[in-house]
Amino acid sequence: MSGTPVVVHLRRPGDLVAVDPALLLEDDDARTVPGADEVLDELLTRRRVGRGDRVVVTLPAAGVGPDRAATEALLATTLRRWCRRRLEGTEREAAVLHRQGWASLRPGLPLFLIGLLFSTDFLAPDVPEFFQNLLGNGVFLVIAWVGLWYPLDLLFFARLPLRRQRRVLDALLAMPVEVRVRETAPEG
């Protein structure tokens, strides 16, 4: 199969979407992050996700069970469900940021206008040069810029990581899932 595999090592199929951190009390190799999150994080770090990329899940023989194809189908279905739920959450988060951006313009625009007004007032020729530089070209110009910075950041930049995550989740939805049996190390 072509493409780059995203390999995730699980102990049991359920570790794909949920882990029990309390297992760290007994087991040095217990997972603290669900496998699906690990896969998503790996894909987000890549420059681009290729069409031939695939998810490879390694499990011990006991985790695979007697029917490898059934386990593979279960993991693929579970990963698709997880992706759809994450996409829903990503869409909600993007919508919240968009609404916050527009809502923050309400106090931001008056602050921008007041800062700009005071800035131009202190740039009048009859104001001493020290105050022109300090207040006209400094403090009030900064206040004006701060009034727009947050709304513009929310409207244009804060949602960029969510757009990237949405693209990666869409790609992950279409990726094939392959299960491999992993030989477990002997306990010593």
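Here's a quick rundown of the structure. On a predicted model such as this, the values are computed, not experimentally measured, just so you know.

## A closer look at the packing of helix α3 (residues 68-121) against helix α4 (residues 129-157)
For the pair α3 and α4, interaxial distance at closest approach is 7 Å and the crossing angle is 165 degrees. In terms of orientation, α3 lies roughly antiparallel with respect to α4. Our pair here, α3 against α4, has a crossing hand that is left-handed. For the contact of α3 with α4, the class distribution of residues is 18 nonpolar, nine polar and no charged.

## A short note on the side chain of T90
Structurally, T90 is set in helix α3. Apart from the residues lying within four places of it in its own chain, the contact partners of T90 are L162, Q165, R166 and L169.

## Focus: the sheet that holds strand β3 (residues 177-182)
Remark on secondary structure: sheet strands pair via backbone hydrogen bonds, oriented parallel or antiparallel. Reading across the sheet, the three strands line up as β1-β2-β3 and stay open at both edges, with parallel pairing between neighbours. Taken across any chain shown, the strands that pair with only one partner, and hence form the sheet edges, are β1 (5-9) and β3. When strand polarity is set aside, the average angle formed by the axes of neighbouring strands in this sheet is 25 degrees. Bridge analysis of strand β2 (residues 54-60) against β3 gives six bridges, and the strand direction is parallel. Its bridge partner lying in β3, L59 is registered against V181. Lying on the sheet, α3 is in contact with β2 and β3; it crosses β3 at an angle near 130 degrees.

## Structural notes on the packing of helix α1 (residues 35-45) against α3
At their nearest, the axes of α1 and α3 sit 11 Å apart, and the two run at 65 degrees to each other. It follows that α1 is roughly perpendicular to α3 by the angle criterion. For the pair α1 and α3, the crossing hand works out as right-handed. Contact residues: A36, D37 and L40 in α1; L79, W82 and R86 in α3.

## Digging into the nonpolar core
Counting 25 residues, the largest nonpolar core has L43, V55, V57, L79, W82 and L172 as its most contacted members. Broken down by secondary-structure element, the contributors of at least two residues to this core are β1, α1, β2, α3, α5 (160-174) and β3. The element best represented in this core is α3, accounting for six residues. When residues no more than four places from it in sequence are discounted, the contact partners of L172 are V39, L43, V55, L79, R80, W82 and C83.

## A look at the environment of A171
For A171, the position within the fold is in helix α5. Residue A171 is classed as partly exposed on the basis of its relative accessible area, which comes to 26%. On a C-alpha basis, the gap between A171 and L43 in space is 9.4 Å, while along the polypeptide they are 128 residues apart.

## Focus on the environment of C83
Take C83: it is sitting in helix α3. Remark: the alpha-carbon pair of C83 and A171, spanning 88 residues in sequence, is separated by 9.7 Å. Apart from the residues within four sequence positions on either side, C83 is in contact with L169, L172 and L173.

## A short note on the pairing of β2
A large share of β2 lies buried, amounting to seven of its seven residues. Burial of the side chains of β2 extends over both faces: R54, V56, T58 and P60 are buried on one face and V55, V57 and L59 on the other. Pairing of β1 with β2 involves five bridges; the strand directions are parallel. Each bridged residue has a counterpart across the sheet, and for V8 the counterpart in β2 is V57. In the classification by handedness, the crossover that spans β1, the intervening α1 and the parallel β2 is right-handed.

Cut-off values and rules
By convention here, each chain's residues receive numbers from 1 onward along its written sequence. Residue-level local features of this predicted model are given only where pLDDT is at least 70; pairs of side-chain atoms are given and counted only at 80 or more, and the full residue set underlies all totals for whole chains, interfaces and linings. Heavy atoms from the whole structure form the basis of all side-chain values; hydrogens and water molecules are not counted. The angle between two axes is taken between their N-to-C directions and runs from 0 to 180 degrees, where each axis is a line fitted to C-alpha atoms and a helix contributes only its stretch in contact. Segments assigned H or I by DSSP are reported as helices when at least four residues long, segments assigned E as strands when at least two residues long, and all are numbered from the N terminus. When describing relative orientation, an angle under 35 degrees is termed roughly parallel and one over 145 degrees roughly antiparallel, while 65 to 115 degrees is termed roughly perpendicular and anything else oblique. Note on convention: near helix rotated counterclockwise from far helix by under a right angle means a left-handed crossing. Clockwise means right-handed. Residues are grouped as follows: nonpolar covers Ala, Val, Leu, Ile, Met, Phe, Trp, Tyr, Cys and Pro; charged covers Asp, Glu, Lys and Arg; every other residue, Gly included, is treated as polar. Contacts between residues were defined by any pair of non-hydrogen atoms, one from each residue, lying within 4.5 Å. We call two strands paired when DSSP finds no fewer than two bridges between them. Side-chain atoms within 4.5 Å link the members of a nonpolar core, which is a set of buried Ala, Val, Leu, Ile, Met, Phe, Trp, Tyr and Cys residues. Burial classification: accessible surface area is computed with a 1.4 Å probe over protein chains only, and a residue below 20% of its type maximum counts as buried, one above 50% as exposed, and the rest as partly exposed. For crossovers, right-handed means that the path from the first strand over the helix to the second runs clockwise, given strands pointing away from the viewer.

That is the geometry; function is a separate question.
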